[in-house]
Structure formats: structure tokens, C-alpha cells
Amino acid sequence: MFHVKHFDVVVIGGGHAGAEAAAASARMGARTALVSMRKDRIGVMSCNPAIGGLGKGHLVREVDALDGIMGLAADSAGIQFRLLNRRKGPAVQGPRTQADRKLYREAVQALLSRQSGLEIIEGEVVDLIEGPGGRVEGVELLDGTRLSAGAVVLTAGTFLNGIIHIGDQRKSGGREGDVASIRLGQRLGTLGLARGRLKTGTPPRLDGRTIEWDALETQPGDEEPVMLSFRNRQPLVRQVSCGITHTNERTHDIVRANLGRSAMYGGHIEGVGPRYCPSIEDKVVRFADKTGHQIFLEPEGLDDDTVYPNGISTSLPAEVQFDYVRSIKGLERVQILQPGYAIEYDFFDPSALRPTLESTLSGLFFAGQINGTTGYEEAAAQGLVAGANAAAAVLGRDPLLFSRTESYIGVMLDDLISRGVTEPYRMFTSRAEYRLHLRADNADQRLTPKGVASGLVGPERAQVYAEKMDRLSAGRAMLSSRTWGPQDLLAAGVAVSRDGARRNLLQVLAGADVTWDHICRLEPQAASIDADTRSQVWRDALYAQYLHRQDAEADTLLRNEHVLIPTDLEFPGLPGLSNELAAKLERRRPANLAEAERIEGMTPAALLLILAHCRKSVQSRAAAR
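Calculation rules
- Residues numbered from 1 in each chain as written.
- Predicted model: local features only at pLDDT ≥ 70, side-chain atom pairs only at ≥ 80, totals over all residues.
- Heavy atoms only, no water.
- Helix = DSSP H or I, 4+ residues; strand = E, 2+ residues; numbered from the N terminus.
- Rg over C-alpha atoms; globule rule 2.2 N^0.38 Å.
- Buried < 20%, exposed > 50% of the residue type's maximum accessible area, 1.4 Å probe, protein only.
- Contact = heavy atoms within 4.5 Å.
- Arc of directions from axis to C-beta.
- Polar contact = N/O pair within 3.5 Å; in protein donor to acceptor, adjacent residues only side chain to side chain.
- Pairing = 2+ DSSP bridges.
- Core = buried A, V, L, I, M, F, W, Y, C linked by side-chain atoms within 4.5 Å.
- Domains from an automatic or database assignment.
- Salt bridge = Lys/Arg side-chain N within 4 Å of Asp/Glu carboxyl O.
- Nonpolar A, V, L, I, M, F, W, Y, C, P; charged D, E, K, R; others polar.
- Phe/Tyr/Trp six-rings, centres within 6.5 Å; stacked < 30°, edge-to-face > 60°.
- Lys NZ or Arg CZ within 6 Å of the ring centre and 35° of its normal.
- Axes fitted to C-alpha atoms, helices over the stretch in contact; angles between N-to-C directions.
- Parallel < 35°, antiparallel > 145°, perpendicular 65-115°, else oblique.

Now for the overall build of the protein. Within the protein one finds 20 helices and 24 strands. Against the globule reference of 25 Å for 625 residues, the protein gives a C-alpha radius of gyration of 26 Å, in line with a compact fold. Overall size of the protein, expressed as C-alpha extent along the three principal axes, is 80 × 65 × 60 Å. Counting over 625 residues, the protein shows a buried share of 57%. When contacts within the protein are restricted to residue pairs at least 6 apart in sequence, long-range pairs at least 24 apart make up 73% of them.

For the rest of this paragraph, the subject is the environment of A462. By the element assignment, A462 lies in helix α12 (residues 459–480). Assessed through its relative accessible area of 21%, A462 is described here as partly exposed. For the pair A462 and E433, spaced 29 residues apart in the sequence, the C-alpha separation amounts to 29 Å. Not counting residues up to four positions away in its chain, the partners in contact with A462 are V452 and V457.

Residues of helix α6 (residues 249–257) that are buried include every one of T251, H252, I254 and V255, and no others. Down the axis of α6, the smallest arc covering the buried residues is 160°, so these residues share one side. Turned more than 90 degrees off the buried face of α6, the exposed positions are R250 and A257. Next to the buried residues of α6 lie α7 (280–286) and α8 (318–325). Backbone nitrogen of R250 and a side-chain oxygen of the N-cap are separated by 3.0 Å at the start of α6; the cap is N248.

We now examine the pairing of strand β18 (residues 294–301). Within β18, six of the eight residues are buried, which leaves it mostly tucked inside the rest of the structure. Pairing of β18 with strand β19 (residues 304–310) involves five bridges; the strand directions are antiparallel. Bridging from a neighbouring strand, L297 pairs with P309 of β19. The hairpin turn running from β18 into β19, its antiparallel successor, is two residues long.

This part is about the nonpolar core. With 101 residues, the main nonpolar core has V10, I51, Y104, L112, V139 and L154 as its most contacted residues. With 11 residues, helix α9 (residues 376–395) is the single largest residue contributor to this core. Among residues more than four places away in sequence, those in contact with L154 are I12, L184, L188, L364, F365, F366, A367 and I370.

Here the focus is the domain arrangement of the protein. Per the domain assignment, the segments of the protein are domain 1 (4–202 + 345–454), domain 2 (205–343), domain 3 (459–548) and domain 4 (563–624). Once you take the C-alpha centre of each, domain 1 and domain 2 turn out to be 26 Å apart. At the boundary of domain 1 and domain 2, one finds five salt bridges. The salt bridge involving R231 is made with D67; its shortest N-O contact spans 3.1 Å. Of all elements in the fold, only α2 (56–65), α3 (70–77), β5 (78–84), β6 (94–99), α4 (101–113), β12 (163–166), β14 (195–202) and α11 (443–454) reach the threshold of two or more residues within the side of domain 1 that touches domain 2. When grouped by side-chain class, the residues that make up the side of domain 1 that touches domain 2 number 23 nonpolar, 18 polar and 21 charged.

Applying the stated criterion across every chain, the model contains two aromatic pairs. Here the aromatic rings of F348 and F366 are separated by 5.4 Å at their centres, their planes lie at 40°, and the arrangement is tilted. Of the two residues, F348 sits in strand β21 (residues 341–348) while F366 sits in strand β22 (residues 364–366), which places them 18 residues apart along the sequence. For the pair F348 and F366, a shared accessibility class is recorded, and that class is buried. The ring of F230 carries the charged tip of R61 above its face, separated from the ring centre by 4.9 Å. The residue whose ring lies beneath K450 is F402, and the NZ or CZ to ring-centre distance is 5.5 Å.

Strand order in the open sheet made by the six strands is β16-β17-β18-β19-β15-β20, with antiparallel pairing throughout. Edge positions in the sheet fall to β16 (217–219) and β20 (336–338), since each of these pairs with one other strand and no more. Pairs of neighbouring strands in the sheet enclose a mean axial angle of 40°, with direction left out of account. Here strand β15 (residues 205–207) pairs with β19 via two bridges, running antiparallel. Along β19, the bridge assignment pairs L206 with V307.

Within the element layout of this structure, D178 appears in the loop between β13 (169–172) and α5 (182–188). Residue class for D178 comes out buried when judged on its relative accessible area of 10%. In this structure the side chain of D178 is engaged in a polar contact, spanning 2.7 Å, whose partner is the side chain of R175. Filtering out sequence-adjacent residues up to four positions away, D178 remains in contact with R38, R41, F159 and G173.

Relative to each other, α2 and helix α10 (residues 408–419) sit at 115°, their axes nearing to 9 Å. Taken together, α2 and α10 sit at an angle that is classed as roughly perpendicular. Contacts between α2 and α10 involve H58, L59 and E62 from the former and Y408, I409 and M412 from the latter.

Here it is in C-alpha cells:
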């Protein structure tokens, strides 16, 4: 007789999606089991050793605002912090950290071990237990153990029928060093769910002791680091620099001469790879006019000599990798510790999912790369949503839903469910029509109250947020309590027009070249406001004046979604439209803006551009008549 253990929620997989799903489910109060083939591999960074970035940093902050663990783990393992797009506005800035792989893995495992209501089980899931009506009611492990549950969250990553490719060599694997999930993949194939194949890849890992660092440009972290979690202010470990080098014509010649030996170009892979993270083969073919591509040499740890050369992922044979890597400046004598490879795996059509990430099989939730996404951050955000909603379903609570107007999580879920995927989905700020409001800096203001109301945010995180909001409210009240006329403002050094209008200090703060010194001259008590509160008040004030324009643009698209697109409109070469979208539009030839909006990868800016050309076409035809 098989042994049976009982849980509310079972999470399959210990990657970024699985870790967040298990933690979220347990925080909601559900008895949760996290099943991983190897406990020591929970929290492993399978690809690049970094968390965050443009769009992705927004997702990490939103996960953190909902009491998730990714931001905390990244901060405790961060060995280089950079705020991307620092010279641009806060809406499109993305916090990012280069992480120590070992420290990150240890941090994730430590956070999970401290989570009450969560049990970690080592084993391979080989079957789903179905109850009446086909509802999923648990899982069966390879050793025959059964785990019953009210809901199951599947976060298989690249493990479902995973195949690793290096040139014409192929082997089964979920990633290098781990076995693939074959029996579970076969079981899922019997359930009638629409699925396909995708692929991703990694570069060769290099021995940092054999790199000529003195010959290369270095990239240090920011002097004023920006953390990924709202709860942290300073790095916890020593900071390091990355190196920068470039491919060259010789590199490209070697790649071109061996394209037929690449797993991708040699016809060994059927899955579609990520457009926005191309392999070196793709770069050489797609950007044939470029004589070089930038490579970031990223240390993988403080006590690890392994270096990750970000920018040259590949599926070429190992000997070809050796040749092209050694053609690169600073790498002429480098040793390769592990060849790069491509990995092909199963995914399921996300357009069949509910907004809770429950599949068409009642009780079975999907999160992460199984839904056609790529990236740690996208996986973590989905894991949090799936874990929280699985727990809510079992506990009889309302589902936790996210809209495009309130979060990047909502943008991602809506994109996946309404458009599906034909290539791995990656988050960008350009995907969000409300990105002026959906900033990384205000993710807690947008989402923490929602998490508190649902039971997802614990008391410690809720207290930190409440104290922050008290400081913000007091600061805003102080700056909005009085108004000043143009003469007073000019006397304090604030450049304003002599229009006679009186302004409070929140309005003044949004002006060009206004500093906190200007504010303190007008209101000396403002000097008592702490630095973090000052920064947040400034960001909120800055964007308040633009939000009505953003809302107007979103409303314009909604009101004009049925505007017809001229059949003779030539998308290729349309100024401001990317080549990628132009090709998709030309192929699909949507009849109106509503159809164009449903095209995978479409952005609000592109829709506004198409609308403008539609109107221009109508005006031209009217004038001709």
C-alpha cells in the first residue's frame, strides 16, 4: 500500500516560479508541499547570474511588494547593483543586480526553510492524481508516494521532455547536470492540452583566471546602489566589477563557417528561441552588417572563478565554441569550463489559462516557462500568482486577480492569456500602456494593500509598508498645506512663469531643475523629511502632471479599436514601427486596431502610430475627392 501525505497545495519544481508559488501558498495559510528532484538545487540560477533589469526589475519589485522572496534573495546575494536607464525617467528605470550564484541559492533555500506551513520534499513527480470529473487532486512520486492536495501548481521550467543540444550532439536533460522530467511530460501529453516546443540557450562558462582583465574595459556598479527589495537599503556583501569586450569580424567568420554545425541552424531543434536574447549564431545572421557585438563578462561569485560571458549563447559544437571564444579580445588564452548549449522543452498554450493561472483541468495551475515565458523574473511573478490563487481556491477565498492598469504582473498575464505565444515571452516597459503609473519605485503603493487584503502579505511586511506610508502622507501634507505666488517662488530661486497662479510645494517640486534646497528655503520644516521619503514624494509629484495624458492615450485606443486599417497601408518602413512588428502586421493584415492589438508583441506606442497613419490616410483620401 502506497504511503499518502495530505496537503492543501502541492507545488512541483524548485526554480524561481516554484519557490515563489510555494512561499505564496504557505503565506496564505495553506498547508503546502514543494516537491523538487533535488533539495540542494532549489533556487539555482540556471542561466545568467543576474536578477532584474528593464521591465524585469518592475516585476521583481511587484513580487516584493506582495511579500515575495526574489528581491530579498537577490539583495542578499548581490555583488553588483545597477539602475538601468538611470538617465531617463523613473518610469522606465530598472533595478538590476549581478548575483553570487551560491549565495542566491542559499538565500532562497533559507527563506523557504523559515516559511511556516511549508514542507520541502525531495522526489520526482511522475503522475497526477485525478478525482471525479477529472479534477487534479494530487501527485504521485517515482517511489510510489502519493501527495493528495486540493490544488497542484506545476512549475516545470525547461524540464518537461527537455533535450540539451551542443552541435549535432543531444541528450536528455532539464539543464546541465539535471535529468529531464520525461514521465510527467508523457502524462501531461495524455490530457489533451495544447502544447508546443520552445528553446533557450546559454553561453560557455569561462575560467576567470585565464581572462586578460587588464586588456578590457570594466563596468563597476553604481556608487549609490538601488536595492531590489523595498526592505533593504545597502548591499550585504562585497561589490565587484564586470568586464566588457566585443566580438569581431574573425569571430563572425568562425561562426558563419560553422552555421551548419549549430543545433539550431543544422535543423536539430524544432522549438522557437527567444527573439530578445539571440544566440551568437542569430546575431551573426540577423545583424550581418554589424562588425561586433558587446559581451559582458559577469563573475558568478565572490569565491568562484567561473565567468558568464553574457551575449554569446550558442549551440555550436564545443570545438567551435573554443575557436570563436578565443578570437575575442581578452579571451585569447581563456579556458572553457562548460560548453554553451541550447535546451528544448515543452510548453503549454497560455491562452487556455484562467486569469488565476488555473488550467482547463480543474485544480491544476501552471506557472513559469511552461506558459511560454523566458526569464527568472517572469517566472517568479507567475509563481506568486499561481501559488496564491491555488491556496485561495482551496481555502475558499476570492481569487487574487491583476489588471493591466495596476501592475506589470497584470500586463504579462493579459498578454499571455489574450495573445498566446509563438516565441518565449519577455517583459518590457513598452508593453504597458500605463507605464507612467506602473513604476518600479511605487510597486508597494500599488500592490501591498491588495496583498494585505488577500492575506498574501504577512504582518512584518505590512508594518514596514504602513510606516513608509505614514512618512509619505506626512511629507505630502506638509508640502501641500500652503501655496506660494510667483514672486515668492522666484525669490527662492525657483524658475516659474509670472502668471499669478499660486502653487503648493508638490507642484513646485515637479518643476524643472527644482532641488530640495529650493523647497527648504520656502518650508524649512521640509529639511526633516528623510531622503527616501523625499525621493518618493518627488517621483509621485513629477508624474502626477503626466498621468492624465497617459490616460487620454489609453482612452484613445479604446475608443478607436474598431477603426479600419487601410488594406494598402504598407507596414514595412513605417517610421517608428519596429521591423519585428511590421513583419507580423504585414503577415496578419489586421482589419482594425482591435485585431492589431491582439498580435503578439504589439505595444501601445505602435497602436497609436498605426492609428495616426490610419487617420492620415482617411484625410488624404478625403482631400483627393
